[in-house]
Amino acid sequence: LGVYWNFGEHVDGEETEKYYVLEPISAKVELTQNKSTEPLNSLQTPRFTASLTLQTVQLTLSSKQYHLAARILNIIDWQRRVKKNRKWHPGVPILGNAEVWWKFAISAVRDPISRRMERERPSFVSARAKLLVKYVNLYTTMLSKHEIKDLIKQDIKPLEEGLSYDELYIMRSLALSRVQ
């Protein structure tokens, strides 16, 4: 495995010397599978175990590669910041459209505040707590009762779509501790 980053330099249709970022290396991976027919009820007994052995990894950047990487990261950061307000962007020139642009500015400032205030309302907190409790109960049932797994999976799927990865991890850990 090796990664190189050239700068678009070509001589007679052929690439010039490769400027490696990650020098070619070799690796060895050993994958072991736990073939138990029982469901895994513990985080200490994983279904798969992987062992990765690498030789020394050398990462190098030339000055030009470093500056290009910095420019790319700045562009990505700029796009991330602009993306937040893109939905209200008027799409018309500023000159002659001051009212539309002022509405854009106000909306861009008010939206994050409105979303934060919505999440702080007792009704939202209560609904969210009920959703999390329901998810933990369903997931606990799914772990402990093998014969009704498919029915529970259908109920869990819509709940999982509204949760972040971290919330899912925490709720599943709670359900696992209940089963044990």
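Residues numbered from 1 in each chain as written. Predicted model: local features only at pLDDT ≥ 70, side-chain atom pairs only at ≥ 80, totals over all residues. Heavy atoms only, no water.

**Student:** Before we move on, could you go through a nonpolar patch on the surface and cite the residues and values that matter?
**Tutor:** Residues L43, Y165, Y169, I170 and L174 make up a contiguous nonpolar surface patch of about 580 Å² in total accessible area. Checked against the element boundaries, Y169 lands in helix 5 (residues 165-179). (Patch = residues over 30% accessible without salt bridge, like charges linked within 9 Å, V, L, I, M, F, W, Y side chains within 5 Å. Areas by Shrake-Rupley, 256 points an atom, 1.4 Å probe, with all protein chains shown as cover. Salt bridge = Lys/Arg side-chain N within 4 Å of Asp/Glu carboxyl O. Helix = DSSP H or I, 4+ residues; strand = E, 2+ residues; numbered from the N terminus.)

**Student:** Now, about the packing of helix 3 (residues 122-144) against helix 4 (residues 149-161): what can you tell me, with residues and values included?
**Tutor:** At a minimum axis distance of 10 Å, the contact between helix 3 and helix 4 shows a crossing angle of 155 degrees. Taken together, the axis directions place helix 3 and helix 4 in an arrangement best described as roughly antiparallel. As helix 3 runs across helix 4, the sense of the crossing is left-handed. Residue-level inspection shows L131, K134, Y135, L138, Y139, T141 and M142 of helix 3 in contact with helix 4, the latter providing K149, I152, K153, D155, I156, L159 and E160. (Axes fitted to C-alpha atoms, helices over the stretch in contact; angles between N-to-C directions. Parallel < 35°, antiparallel > 145°, perpendicular 65-115°, else oblique. Left-handed = near helix turned anticlockwise from the far one by under 90°. Contact = heavy atoms within 4.5 Å.)

**Student:** How would you explain the side chain of D111 if you had to name every residue and give the values?
**Tutor:** Positionally, D111 belongs in helix 2 (residues 98-120). With a relative accessible area of 17%, D111 lands in the buried category. Leave out the neighbours within four places in its chain, and D111 touches K87 and W88. (Buried < 20%, exposed > 50% of the residue type's maximum accessible area, 1.4 Å probe, protein only.)

**Student:** Report on the nonpolar core, specifying residues and quantitative values.
**Tutor:** Grouped together as the largest cluster of nonpolar side chains are 15 residues, with contacts concentrated most on Y135, Y139 and I156. Among the elements of the structure, helix 3, helix 4 and helix 5 are those that each provide at least two residues to this core. Here this core takes 7 residues from helix 3, the largest share from any one element. With residues near it in sequence (within four places) discarded, Y135 still touches I156, L159, E160, L163, L168, M171 and R172. (Core = buried A, V, L, I, M, F, W, Y, C linked by side-chain atoms within 4.5 Å.)

**Student:** Residues and numbers for the pattern of salt bridges, please.
**Tutor:** Under the defined criterion, the tally for this structure stands at 9 salt bridges. For E30, the salt bridge identified is with K28, shortest N-O distance 3.4 Å. Between D111 and R115 there is a salt bridge, with its nearest N and O atoms 2.8 Å apart. Of the two residues, D111 and R115 both sit in helix 2, 4 residues apart, roughly one turn of that helix. It is possible to trace a salt-bridge network through shared partners that takes in D77, R80 and R81.

**Student:** Any details on helix 4? Residues and values, ideally.
**Tutor:** Look at helix 4: 18 Å from first C-alpha to last across 13 residues, which is about the 18 Å you get at 1.5 Å a residue. In helix 4, a bend of some 30 degrees at D155 exceeds every other bend along the element, and P158, a proline, comes one to four places later. Within helix 4, the full set of buried residues consists of I152, I156 and L159. Those residues of helix 4 that are buried lie in contact with helix 3. (Expected span 1.5 Å × (residues − 1). Bend = angle between axes of the 7 residues up to and from the residue.)

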